[in-house]
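Structural characterization, general
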Amino acid sequence: MNSVVIEQPGKLAIQRREIPQPADGEVRVRVKYAGICGSDVHIYHGHNPFAKYPRVIGHEFFGEIDAVGAGVSPDRIGQRVAVDPVVSCGHCYPCSVGRPNVCTALSVIGVHRDGGFSDYACAPAKNAYVIPAEIPDRVASMVEPFTIAANITAFLQPAPRDVALVYGAGPMGLTAVQVLKGVYGVSRVIVVDRIEERLAMALDCGADQVINNADLSLQDELAKQDVRPTIVVDAACHPAILQEAVNLASPAARIGLLGFSGEASSVTQQSITSKEISIFTSRLNSHRFPQVIEWMVQGKIDVAKLITHYMDAADVEAALTLFEKDQRHCCKVILKF
């Protein structure tokens, strides 16, 4: 089989490898489609502190089960599945309170262990979620990206009366927009970014208003409109955003952070406490696959709106470059295996 391997930071190869055999409790998936995420690019460049090399990347993937390990029903062979990359122990404190995404022994497929940019990939059977016939193969790998939005909104508990401000119109921000509008019915969703083409995508995904803050003050712009967001989602992930978000937010607002920067964020306790602002962080997802699959079947989200390119897996290096460099015209790239 062919596998996309980051041999070391900056060095990618398509290697011929033996087809893996599923271990006890695992299934083997014949991969059909896999999405490129920013974390794949980070591993490629050596900017992900959790990755070990060499590594088969890819944590957004879909395919068909073609083999099972001991303890797994053979009836699962032939099932169309999307794979949750979060592999947890099931018994530590986070797991016991429904937070397997921060398991003390967390292993992420495509980061800590080999992932889905391969003709075949193995995963725990419980992580392989059946995809209903209503969801086409070509979009099924998009379940995982939307679980990120599902996870943060579960903390934020949006309601129709809320006014939401979303920083960043990249893939994470656009999934948040769709979930805020299509699932929770938030009355007003504002998206801020510095790329006009991405802001146009935000409008297409349901945003009520977009703001290009390349040459203006977001604070002044919202003040002119007398807008004080009750929900803020930081999907741009810059350390400077937190203090600005606190300043802009309404008293009693909720702020959701998706960033993973190692740089310090400077924020005053007074600005948070005086408004009694709640700040939530979110990593990966905690069993959100069934929820997102249901949203897709019900038509509450339209995952295809984020897909701008399909490319052959053999062209993965060009696909990674496109995803990283052309933010005006590229949002999600799906690899075909």
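In what follows, the accompanying structure is described.

Definitions and cut-offs
- Residues numbered from 1 in each chain as written.
- Predicted model: local features only at pLDDT ≥ 70, side-chain atom pairs only at ≥ 80, totals over all residues.
- Heavy atoms only, no water.
- Helix = DSSP H or I, 4+ residues; strand = E, 2+ residues; numbered from the N terminus.
- Buried < 20%, exposed > 50% of the residue type's maximum accessible area, 1.4 Å probe, protein only.
- Pairing = 2+ DSSP bridges.
- Right-handed = clockwise from strand over helix to strand, strands pointing away.
- Axes fitted to C-alpha atoms, helices over the stretch in contact; angles between N-to-C directions.
- Contact = heavy atoms within 4.5 Å.
- Phe/Tyr/Trp six-rings, centres within 6.5 Å; stacked < 30°, edge-to-face > 60°.
- Lys NZ or Arg CZ within 6 Å of the ring centre and 35° of its normal.
- Salt bridge = Lys/Arg side-chain N within 4 Å of Asp/Glu carboxyl O.

1. Some remarks on unusual backbone geometry
Residues apart from glycine generally show negative phi values, whereas peptide bonds are mostly found in trans. Tyr 53 connects to Pro 54 through a cis peptide bond whose omega is -5 degrees. Assignment of secondary structure puts Pro 54 in the loop between α1 (38-45) and β4 (55-56). With a phi angle near 55 degrees, Asp 226 is a residue other than glycine that sits in the positive phi range. Relative to the helices and strands, Asp 226 resides in the loop between α6 (218-224) and β14 (231-234).

2. Points about the pairing of strand β13 (residues 209-212)
Judged by which residues are buried, β13 turns out to be one-sided: Gln 209 and Ile 211 face inward and are buried, whereas Val 210 and Asn 212, on the alternate face, are not. Note that strand β12 (residues 188-193) and β13 share 4 bridges and pair parallel. Bridging from a neighbouring strand, Asp 193 pairs with Asn 212 of β13. On the question of chirality, the crossover connecting β12 to the parallel β13 by way of helix α5 (residues 196-204) is right-handed.

3. Quick notes on the sheet that holds strand β16 (residues 278-281)
Within the open sheet, the 6 strands sit side by side as β13-β12-β11-β14-β15-β16. Their pairing is parallel. Looking at the sheet topology across the chains shown, the edges are occupied by β13 and β16. Going across the sheet, the axis of each strand differs from the next one's by a mean of 15 degrees, ignoring polarity. Two strands pair when backbone bridges link them, and β14 and strand β15 (residues 254-257) are joined in this way by 4 bridges, in the parallel orientation. For Ile 231, the partnering residue across the bridge sits in β15 and is Arg 254. Running over the sheet, helix α7 (residues 241-248) touches β11 (163-167), β14, β15 and β16 and is turned about 165 degrees from β11.

4. Describing the environment of Val 177
Note that Val 177 resides in helix α4 (residues 171-183). Residue class for Val 177 comes out buried when judged on its relative accessible area of 0%. As for Val 177 and Gln 269, which are separated by 92 residues in sequence, their C-alpha atoms are 29 Å apart. Apart from residues no more than four positions distant in its own chain, Val 177 is found in contact with Val 166, Val 189, Val 191, Ala 202, Cys 205, Gly 206 and Ala 207.

5. A few points about the packing of aromatic side chains
Summed over all chains, the structure comprises 5 aromatic pairs. Relative to Phe 337, the ring of Phe 117 lies with its centre 6.3 Å away and its plane at 40 degrees, an arrangement referred to as tilted. On the criterion of sequence distance, the pair formed by Phe 117 in the loop between β8 (107-108) and β9 (120-124) and Phe 337 in the segment after β18 (332-336) is long-range, its members being 220 residues apart. A residue is classified by how much of its surface remains accessible, and Phe 117, at 0% relative accessible area, is buried. Assessed through its relative accessible area of 24%, Phe 337 is described here as partly exposed. Each ring, one from Tyr 129 and one from Phe 289, has its centre 5.3 Å from the other, and the planes form 25 degrees; the classification is stacked. In this pair, Tyr 129 sits in strand β10 (residues 128-130) while Phe 289 sits in helix α9 (residues 289-298), placing the two residues 160 residues apart along the sequence. In this structure, Tyr 129 and Phe 289 share a single accessibility class: buried. In this structure, Arg 30 packs its charged tip against the face of Tyr 120, placed 5.2 Å from the ring centre.

6. Description of the pattern of salt bridges
One pass over the structure, following the stated rule, counts 14 salt bridges. Of the charged contacts in the structure, one is a salt bridge between Glu 64 and Lys 32, with a shortest N-O distance of 3.8 Å. Highlighted residues: Glu 64 in strand β5 (residues 60-68) and Lys 32 in strand β3 (residues 26-35), separated in sequence by 32 residues. Given the relative accessible area of 28%, Lys 32 is considered partly exposed. Each of Lys 32, Glu 64, Arg 80 and Asp 137 takes part in a single network of salt bridges with overlapping partners.

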